[in-house]
Amino acid sequence: MTHGWRAGPWIGRCALLLAVWLSTPLLAEAGCNMALLQQLGWQVSPGPQPAPQIDAGEPCRRASLADAQAHGDLRLQLPDAYNEAQREQLAADMLQQPASICAYAFKLGEAARTASTRLQENPGYRFTALQLGWIGFGARGAAAQGWQRFRSFGRGYAPRGANSVALEAFYSGRVRSECGVGRQVAQLATLRELFGDAAFDSDFTAGELSIGTFLSLHDTESILLGSSAGEMFADGKAVRTSALGRQAFMGVPGYIVHAFDAAYLDDINNQAENFVITDISADAAEALARAGGFAHYDALNKQLWELAQQLPGHGWRRFERLLYLREPELRAALPEAQQAVLAQMDTLLAEPVYRELMLYVHHQGVRPLGYHIVRLLDRNPRTPFVIELVLHNLHTTIYQRWLQARLRACPSASLSTAGGV
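This structure is a prediction, so every number in the text was calculated from the model and none was measured.

A. A look at the overall build of the chain. Across its full length, the chain carries 19 helices and 14 strands. Expressed as a percentage of the 421 residues in the chain, the buried residues total 56%. Here the chain displays about 17600 Å² of accessible surface, and carbon together with sulfur accounts for 54% of that area.

Spelled out as structure tokens, the structure:
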């Protein structure tokens with residue numbers, strides 16, 4: 001198994017060019033590779049120099065494509081003497097560079113945010129405890145909502161018709177699942193938004209969009225975990241992802257899971273929270289880079305858990321109300337001796353990673369990491385929790401398939417309008 005990205009090539013030198021022509025004959029005359037490079041956000045201009053001048057910059061550290069361009073990232077000067085074949089070969093090579101993958105990550109983040117918003121806005125998409133089954137399609141049944149079963153007891157389904165119709169069931173239908181399937185659905189919905197419905201329907205087989213138990217997916221064509229997944233990136237504690245910059249987190253899947261043995265669980269239905277990352281602030285990304293990933297925050301999670309043991313008491317969602325909702329009356333009611341403990345917990349939770357790393361979790365919707373850590377203090381008070389990223393292929397297999405989909409669309413339609421974000 002290969003690990004995908006390496007941090008080194010991503011740390012580029014940012015150099016501002018004095019003049020950039022955004023509307024040049026290059027855009028109108030560009031071949032498909034060059035047009036796709038520009039659609040990713042590379043600003044291309046001609047120049048008299050004999051060799052290309054590439055100023056990739058550090059787009060993965062920026063808030064948006066516009067921010068990257070404002071910082072002088074993603075600049076290319078093409079020699080006037082280059083013919084079309086030379087331009088196309090250069091563009092094909094540049095599409096494989098880390099900076100282009102960062103530019104694609106802007107689109108990936110937008111797709112993840114659109115997908116998670118649509119999922120959380122569907123009141124018909126509910127949560128089900130594990131013992132009631134992994135996936136249920138209600139009175140209408142799976143077939144009426146675009147899915148067919150391939151494993152019993154709700155453990156495996158695949159689209160039975162158009163892929164986009166099947167995913168629409170989670171946007172607007174009546175469906176239930178636990179949060180593991182919720183994560184799979186969020187990942188697949190992100191692909192729908194990234195590719196656009198036409199390419200999503202034509203470029204993925206039904207088996208590639210299988211949903212169900214994680215073990216079931218390994219025996220399928222699943223694009224997430226099965227035979228079609230291809231090259232996977234393994235970075236459980238986000239060490240390399242943190243070094244790459246904030247956009248490297250977009251759309252990445254993971255989970256928050258109990259640190260102690262299962263014997264210390266009180267609520268098995270909240271033994272883990274599966275998530276997809278939808279956004280991260282500059283401050284949070286910088287904090288993670290300084291800390292070297294999630295291991296530092298696992299230690300902070302344990303500190304929070306130890307401090308919580310010093311605040312005895314009962315009440316519905318007590319820690320959520322104390323620490324996340326910060327209900328004034330509940331906080332004021334704590335004895336004076338416990339106020340210092342509360343202040344310590346407040347200080348830890350003020351860390352930008354807790355406040356500004358945004359996760360989609362079914363059925364909690366999009367909330368900051370700190371919310372989930374606090375929520376689990378209520379559900380499973382006898383164990384702290386740790387944070388893990390899981391294997392993904394967003395910047396390897398999925399990126400290559402997205403490139404190919406866009407290039408196939410090029411001869412028949414403008415790259416700027418042929419599906420995708």
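Having seen the model, we can carry on.
B. Highlighting the packing of helix α5 (residues 98–120) against helix α8 (residues 179–195). Between α5 and α8, the least distance of the axes is 8 Å, while the angle of their chain directions is 120°. As far as their axial angle goes, α8 and α5 are oblique. As α5 packs across α8, the resulting crossing turns out to be right-handed. Within the contact between the two elements, α5 uses Y104, K107, L108, A111, A112, T114, A115, R118 and L119 and α8 uses V185, A186, A189, T190, E193 and L194.

C. Region of the structure containing the state of the cysteines. Scanning all chains against the criterion turns up two disulfides. Two residues share a disulfide in this structure: C32 and C410, whose sulfurs sit 2.0 Å from each other. Here the S-S torsion is close to -90°, and the disulfide linking C32 with C410 is therefore left-handed. Here C410 lies in the segment after α19 (397–409) and C32 lies in helix α2 (residues 32–39), a separation of 378 residues in the sequence. In this model C60 forms its disulfide with C102; the gap between the sulfur atoms is 2.3 Å.

D. Structural detail: the packing of aromatic side chains. Applying the stated criterion to the full structure yields 13 aromatic pairs. Aromatic pair F195 and F204: ring centres 5.0 Å apart, planes at 80°, arrangement edge-to-face. F204 matches F195 in its accessibility class, with the two residues each being buried. With centroids separated by 5.8 Å and ring planes inclined at 50°, the aromatic side chains of F200 and F204 adopt a geometry described as tilted. Each member of the pair, F200 as well as F204, carries the same accessibility label: buried. Ring pairs connect the aromatic residues Y125, F137, W147, Y157 and F170, which therefore count as one cluster. One residue, R318, lies across the ring of F319, its end atom 5.4 Å from the ring centre. The lysine or arginine in question, R367, covers the ring of Y371, its NZ or CZ lying 4.3 Å from the ring centre.

E. Representation of the environment of K237. With respect to the helices and strands, K237 occurs in the loop between α10 (214–217) and α11 (239–244). Remark: the alpha-carbon pair of K237 and Y297, spanning 60 residues in sequence, is separated by 9.8 Å. Not counting residues within four places of it along the chain, the set of residues in contact with K237 comprises G292, G293, F294, A295, D298, V386, I387 and E388.

F. Representation of the sheet that holds strand β12 (residues 357–361). The strand order across the open sheet formed by five strands is β13-β12-β11-β10-β14, and the pairing between neighbours is antiparallel. Either end of the sheet is taken by a strand with one partner, and the two such strands are β13 (365–368) and β14 (385–389). Neighbouring strand axes in the sheet, compared pairwise and without regard to direction, differ in orientation by 35° on average. Strand direction decides the pairing type here: strand β10 (residues 253–258) and β14, joined by five bridges, are antiparallel. Looking across to β14, one finds that V257 is bridged to V386. On the sheet, α5 packs against β11 (272–280), β12 and β13 and is oriented at approximately 130° with respect to β11.

G. Structural detail: the pattern of salt bridges. Applying the stated criterion across every chain yields a total of 20 salt bridges. Across the salt bridge formed by D197 and R192, the nearest N and O atoms sit 2.7 Å from each other. On the basis of relative accessibility, which here comes to 35%, the residue D197 falls in the partly exposed class. Between R408 and D203 there is a salt bridge, and its shortest N-O distance comes to 2.6 Å. Placement of the pair is R408 in helix α19 and D203 in helix α9 (residues 197–203), with a sequence separation of 205 residues.

Procedures and definitions
- Residues numbered from 1 in each chain as written.
- Predicted model: local features only at pLDDT ≥ 70, side-chain atom pairs only at ≥ 80, totals over all residues.
- Heavy atoms only, no water.
- Helix = DSSP H or I, 4+ residues; strand = E, 2+ residues; numbered from the N terminus.
- Buried < 20%, exposed > 50% of the residue type's maximum accessible area, 1.4 Å probe, protein only.
- Areas by Shrake-Rupley, 256 points an atom, 1.4 Å probe, with all protein chains shown as cover.
- Axes fitted to C-alpha atoms, helices over the stretch in contact; angles between N-to-C directions.
- Parallel < 35°, antiparallel > 145°, perpendicular 65-115°, else oblique.
- Left-handed = near helix turned anticlockwise from the far one by under 90°.
- Contact = heavy atoms within 4.5 Å.
- Disulfide = S-S within 2.5 Å.
- Phe/Tyr/Trp six-rings, centres within 6.5 Å; stacked < 30°, edge-to-face > 60°.
- Lys NZ or Arg CZ within 6 Å of the ring centre and 35° of its normal.
- Pairing = 2+ DSSP bridges.
- Salt bridge = Lys/Arg side-chain N within 4 Å of Asp/Glu carboxyl O.

Geometry only, nothing functional implied.
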